[in-house]
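The chain contents come next:
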Amino acid sequence: MVLNDLWYKNAVIYCIDVATFFDGNGDGIGDFKGLAARLDYLAGMGITCIWLLPFYPSPRRDDGYDVADYYGVDPRFGTLGEFVEFVSQARQRGIRVIVDLVMNHTSDQHPWFLDARRSKRSPHRDWYVWSPEKPKDAEKGVVFPGVQKTTWTFDKQAGEWYFHRFFDFQPDLNTENPAVQAEFRRVMGFWLELGVSGFRVDALPFVISNKGAGRPPGQRWQMLRDMRLFLQWHTADAILLAEANVLPEEDLEYFGDRDDRMHMLFNFQVNQHLFYALATADGSTLSQALERTRTRPETAQWANFLRNNDELDLGRLVAEQREKVLSAFAPEDTMRLYGRGIRRRLAPMMGADRRRMELAYSLMFTLPGTPVLRYGDEIGMGDDLKLPDRDCGRTPMQWAAEEHAGFSGSKTIFRPVIREGPFGYPKVNMAGQRRDPESLLNWMERIIRMYKECPEFSWGDWKQLDTGIDSVLALQYSQDGGAVLAVHNLSESPVRTSIEVDHPSGQRLFNLLSNDHSISRSTRHALRLEPHAYRWFRVGSEVSGR
Ligand code: GLC
Ligand code: CA
């Protein structure tokens, strides 16, 4: 296999909610027409893959994760025709599209559930998970504590209790049922035929775990292989990117050991320890998290992210670590969510401090894996804590210092834009930053360009170099004789450190982002790093491929 064919290994993935990106027809909600009109902006920034949050017909009580039809486009966002038009216009610009695949549950308005609750003999009854009486553990395992009280709810019409891992309007599918599995192969095939390059697989651990009252815990690993094989037979270069916030010991089960399960997983371990490192300037647990999540199968790859559409889940940190991150980045109660996380966007968490934001993004781009940005990250958008739960970080994209941030020409819009304060659209918007060579947007464009010129970051073998201090992380990445180095100073003080480069041309380190090269007589380099400094070096030569 020519590994360079694996496009996702050095992709730049950009996550978009169609609803909040750009309103093309002026009715107050984003749509595919609007998104297509913004493709040149995205191409210019250098992103290579768009991940679309659910855009299917839905009551949208959970922003579309309550799907009412897997084979369509919500009419608010346009038509299937416009979706396909968008996918092919993206392709013309070299941008792939992956879409969210929500297999764990449907909306309670999905025709399957409407049929299932009608009678015990309904053809779809067995597509969901029922119990004649209230299961003993009904209060356990809620995903949204404080908002969701139970995982079992009585349905009057059905005369039985149904299981829902998430909200009560999201009944869990009986994913063990071969008919359900066959249907989801059909769903995958449908979107692949329409040109998508794969799926972001929602809530995967729940999809494959045993469901039903009194069932012992257990996972159906075979389902992962079935999905992978179906996908690959259908569209050889399509991928599965799974949301699976599991412990490192379980990661390999999700990747498989013979390239036969998920291509990519979000690295929740690294994500949480990265925030711990940013909060405390202690990188030691991040460096352990990196070692614990070394991937093995050849085609497997991590997806690295800072913030996503949900709260920043800190559930994998020990209590004392979690407290430190919370007090650094979410000092007030309203900034926290579900007793485990932070609902803010990145820029406000970093106090809009450019050095800290650049440090965080530089880490995201260089840690082993593929970076995943969120819409609005590139301009440092903020949040609106007056909005409930996770909505605070899901406000419309800020395009310009115009009414509704240029998001929509409509009088009223479906969710308010951020208007006031340091993150209000008069101050933070795309158009203003495009004109300003020093803006975060232009920094992001440059960093993406450099990231792409360093395939070693995402393809190479990596090792951590000893820096002698917990606040400095140094990683070396090597591939085909080339090598790059990323050094990060987590601390707000300047530091001196020295590193031993493991490469025959390791005497010469060329800084890829500034003039500050390091030429030494040996492969040991003394470095002086400013507060929150980051350095990207190419070893031996300024030009790759030597
Ligand atoms: C995933 C999504 C989240 C959603 C949940 C239920 O965790 O990221 O936004 O609420 O699944 O589908
Ligand atoms: Ca619209």
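Since the structure is predicted, the reported quantities are computational estimates derived from the model, not experimental observations.

1. Considerations on the overall build of the chain
Okay, step 1: Counting its regular elements, the chain contains 17 helices and 22 strands.
Okay, step 2: For a compact globule of 546 residues, the expected C-alpha radius of gyration is about 24 Å, and the chain comes in at 23 Å, within 12% of that figure.
Okay, step 3: Dimensions of the chain, computed from the C-alpha atoms along their principal axes, are close to 80 × 55 × 45 Å.
Okay, step 4: In the chain, buried positions account for 62% of the 546 residues.
Okay, step 5: Excluding contacts between residues fewer than 6 apart, the proportion of contacts in the chain whose partners are at least 24 apart in sequence is 67%.
Okay, step 6: Accessible area of the chain: about 21,400 Å², with a carbon and sulfur share of 48%.
Okay, step 7: Separation of charge centres in the chain, based on 67 positive and 74 negative side chains, amounts to 1 Å.

2. Quick look at the domain arrangement of the chain
Okay, step 1: By the assigned domains, the chain splits into domain 1 (111-163), domain 2 (178-263) and domain 3 (458-539).
Okay, step 2: When each unit is reduced to the centre of its C-alpha atoms, the spacing between domain 2 and domain 3 is 38 Å.

3. Quick word on the packing of helix α6 (residues 178-193) against helix α8 (residues 222-234)
Two numbers describe a pair of packed helices, the interaxial angle and the distance between the axes.
Okay, step 1: Between α6 and α8, the shortest axis-to-axis distance is 10 Å and the interhelical angle comes to 30 degrees. Our classification of the angle between α6 and α8 gives roughly parallel. Of the two elements, α6 crosses α8, and the hand of that crossing is right-handed. For the pair formed by α6 and α8, the contact residues are Q181, R185, M188, G189, L192 and E193 on the first element and M223, M227, F230, L231 and H234 on the second.
Okay, step 2: Of the residues assigned to the contact of α6 with α8, the class counts are 6 nonpolar, 3 polar and 2 charged.

4. Concerning the coordination of the calcium ion (ligand 2)
Okay, step 1: Here the calcium ion (ligand 2) is held by the protein donor atoms D23 (OD), N25 (OD1), D27 (OD), I29 (O) and D31 (OD), which lie 2.2 to 2.4 Å from it.
Okay, step 2: Written as a sequence motif, the donor arrangement for the calcium ion (ligand 2) is D-x1-N-x1-D-x1-I-x1-D. Judged on exposure class, the residue D23 and its partner D31 are both buried.

5. Here we look at the sheet that holds strand β11 (residues 312-313)
Okay, step 1: Read from one edge to the other, the open sheet built from 3 strands follows the order β11-β13-β12, with strand pairing classed as antiparallel. Among the strands making up the open sheet, the edge pair consists of β11 and β12 (336-337).
Okay, step 2: Here 2 bridges tie β12 to strand β13 (residues 341-342), and the two strands are oriented antiparallel to one another. If you follow R336 over to β13, its bridge partner there is I342.

6. Some words on the sheet that holds strand β1 (residues 13-16)
Okay, step 1: On the basis of which strands lie adjacent, the closed barrel formed by 8 strands has the order β1-β2-β3-β7-β8-β9-β10-β14 and parallel pairing. Strand-to-strand twist across the sheet, computed as the mean angle between neighbouring axes with direction ignored, equals 25 degrees.
Okay, step 2: Two elements, strand β2 (residues 49-52) and strand β3 (residues 96-101), share 4 bridges in a ladder whose sense is parallel. Looking at the pairing, W51 lines up with I98 of β3.
Okay, step 3: On the sheet, helix α9 (residues 248-255) packs against β9 (264-266) and β10 (301-305) and is oriented at approximately 145 degrees with respect to β9.
Okay, step 4: Each of β10 and β14 (370-374) touches helix α14 (residues 354-366); the most contacted strand, β14, lies at about 140 degrees to it.

7. A look at the packing of helix α10 (residues 268-280) against helix α11 (residues 284-292)
Okay, step 1: Packing of α10 against α11 brings their axes to within 8 Å, and their N-to-C directions diverge by 165 degrees. In terms of orientation, α10 lies roughly antiparallel with respect to α11. For the pair α10 and α11, the sense of crossing is left-handed. Contacts from Q269, V270, H273, L274, Y276 and A277 in α10 reach T285, L286, A289, L290 and R292 in α11.
Okay, step 2: Tallied by class, residues from the contact of α10 with α11 come to 7 nonpolar, 3 polar and 1 charged.

8. Quick look at the site of ligand 1
Okay, step 1: D62, Y65, H105, F144, F166, R200, D202, E243, D310, R390 and R394 make up every residue found near ligand 1.
Okay, step 2: A distance of 3.1 Å separates an oxygen atom of ligand 1 from a polar side-chain atom of R390.
Okay, step 3: Isolated, ligand 1 exposes 310 Å² of accessible area, and the fraction of that covered by the protein chains is 95%.
Okay, step 4: Broken down by class, the residue content of the shell around ligand 1 amounts to 3 nonpolar, 1 polar and 7 charged.

9. As for helix α4 (residues 80-92)
Okay, step 1: Compared with the 18 Å implied by 1.5 Å per residue over 13 residues, the 19 Å span of α4 between its first and last C-alpha is a close match.
Okay, step 2: Within α4 the residues assigned to the buried category are F83, F86, V87 and A90. Burial along α4 is one-sided: seen end-on, the buried residues are contained in an arc of 95 degrees.
Okay, step 3: Against the buried residues of α4 lie α2 (32-37), α3 (39-45), β2, β3 and α6.
Okay, step 4: One or two positions beyond α4, positive phi appears at G94, with a value near 75 degrees.

What counts as what
Residues numbered from 1 in each chain as written. Chains lettered and ligands numbered in written order. Predicted model: local features only at pLDDT ≥ 70, side-chain atom pairs only at ≥ 80, totals over all residues. Heavy atoms only, no water. Helix = DSSP H or I, 4+ residues; strand = E, 2+ residues; numbered from the N terminus. Rg over C-alpha atoms; globule rule 2.2 N^0.38 Å. Buried < 20%, exposed > 50% of the residue type's maximum accessible area, 1.4 Å probe, protein only. Contact = heavy atoms within 4.5 Å. Areas by Shrake-Rupley, 256 points an atom, 1.4 Å probe, with all protein chains shown as cover. Lys, Arg positive; Asp, Glu negative; His and termini not counted. Charge placed at Lys NZ, Arg CZ, Asp CG, Glu CD. Domains from an automatic or database assignment. Axes fitted to C-alpha atoms, helices over the stretch in contact; angles between N-to-C directions. Parallel < 35°, antiparallel > 145°, perpendicular 65-115°, else oblique. Left-handed = near helix turned anticlockwise from the far one by under 90°. Nonpolar A, V, L, I, M, F, W, Y, C, P; charged D, E, K, R; others polar. Donors = N, O, S within 2.8 Å, 3.2 Å for Na, K, Ca; no water. Pairing = 2+ DSSP bridges. Near = heavy atom within 4 Å. Polar contact = N/O pair within 3.5 Å; in protein donor to acceptor, adjacent residues only side chain to side chain. Expected span 1.5 Å × (residues − 1). Arc of directions from axis to C-beta.

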